[in-house]
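Reading the structure
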Amino acid sequence: MSEDRTALVELLAVFAAATDARDWDTITSLLTEDCVAYGARGPQAVVRRMQDHLGGVGPTQHLLGNHRVTVTGDEARALTYGRVHHVGAGPMADSFYECLGEYDDRWVRTAAGWRLTRRGFEIRISLGDPAVLRPA
């Protein structure tokens, strides 16, 4: 396993754990200035979009696996299965939403290390009530 692949798989885990902890500073630090993710462009807009979806949600778990990482020079692509469970909160406390799919992430090597420049997530299975995803 190459050092780059190992570093990228670790960064994917850091991103997932930071999402579950709502650690927006860590997420921001992993994004390029021109990143595109979750239908938003730029770190502040991406984090705002994530907050809009997770601000009113209880605990979440982003479980990742089946990593396929391709590194070409200073660019990389990581295809990763994701199983994401969201527990409802407040008026949605008795509900959940779970989605299973595949992340398609593009990374670039910078002076500060690998940074995420593009993220997509194709949902293949959707369970529960997506209304669980809501702002605070």
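Residues numbered from 1 in each chain as written. Predicted model: local features only at pLDDT ≥ 70, side-chain atom pairs only at ≥ 80, totals over all residues. Heavy atoms only, no water.

1. Overview of the pattern of salt bridges
- Scanning the entire structure with this criterion turns up nine salt bridges.
- Salt-bridge contacts for Glu-98 lead to Arg-83; the nearest nitrogen and oxygen are separated by 2.6 Å. Residue Glu-98 is found in strand β5 (residues 96-110), and its partner Arg-83 is found in strand β4 (residues 75-88); the two are separated by 15 residues along the sequence.
- The closest approach of N and O atoms between Asp-105 and Arg-119, which form a salt bridge, is 2.8 Å. Taken as a pair, Asp-105 in strand β5 and Arg-119 in strand β6 (residues 113-128) lie far apart in primary sequence, 14 residues in all.
- The buried category is assigned to Arg-119, whose relative accessible area is 9%.
- Because the salt bridges share partners, they merge into one network encompassing Arg-68, Glu-102, Glu-122 and Arg-124. (Salt bridge = Lys/Arg side-chain N within 4 Å of Asp/Glu carboxyl O. Helix = DSSP H or I, 4+ residues; strand = E, 2+ residues; numbered from the N terminus. Buried < 20%, exposed > 50% of the residue type's maximum accessible area, 1.4 Å probe, protein only.)

2. Quick look at the sheet that holds β4
- The strand order across the open sheet built from six strands is β2-β1-β6-β5-β4-β3, with neighbouring strands paired in mixed fashion. Whereas interior strands pair on both sides, the edge strands pair on one side only; in this sheet they are β2 (40-41) and β3 (57-72).
- Together, β1 (31-37), β3, β4, β5 and β6 form the strand contacts of helix α1 (residues 3-21), whose direction differs from that of β3 by roughly 165°.
- Here helix α3 (residues 43-54) sits on the sheet in contact with β1, β2, β3 and β4, set at roughly 45° to β1. (Pairing = 2+ DSSP bridges. Contact = heavy atoms within 4.5 Å. Axes fitted to C-alpha atoms, helices over the stretch in contact; angles between N-to-C directions.)

3. A few points about the environment of Thr-19
- Following the sequence through the fold, Thr-19 ends up in helix α1.
- A relative accessible area of 3% places Thr-19 in the buried class.
- As a C-alpha pair, Thr-19 and Ala-89 span 70 residues in sequence and 17 Å in three-dimensional space.

4. Some remarks on the side chain of Thr-60
- In this fold, Thr-60 is placed in strand β3.
- Within the structure, Thr-60 has its side chain in polar contact with the side chain of Asp-20 (distance 2.7 Å).
- At a separation of 3.0 Å, a polar atom in the side chain of Thr-60 contacts the side chain of Arg-22.
- With residues near it in sequence (within four places) discarded, Thr-60 still touches Thr-19, Asp-20, Arg-22, Leu-54, His-85 and His-86. (Polar contact = N/O pair within 3.5 Å; in protein donor to acceptor, adjacent residues only side chain to side chain.)

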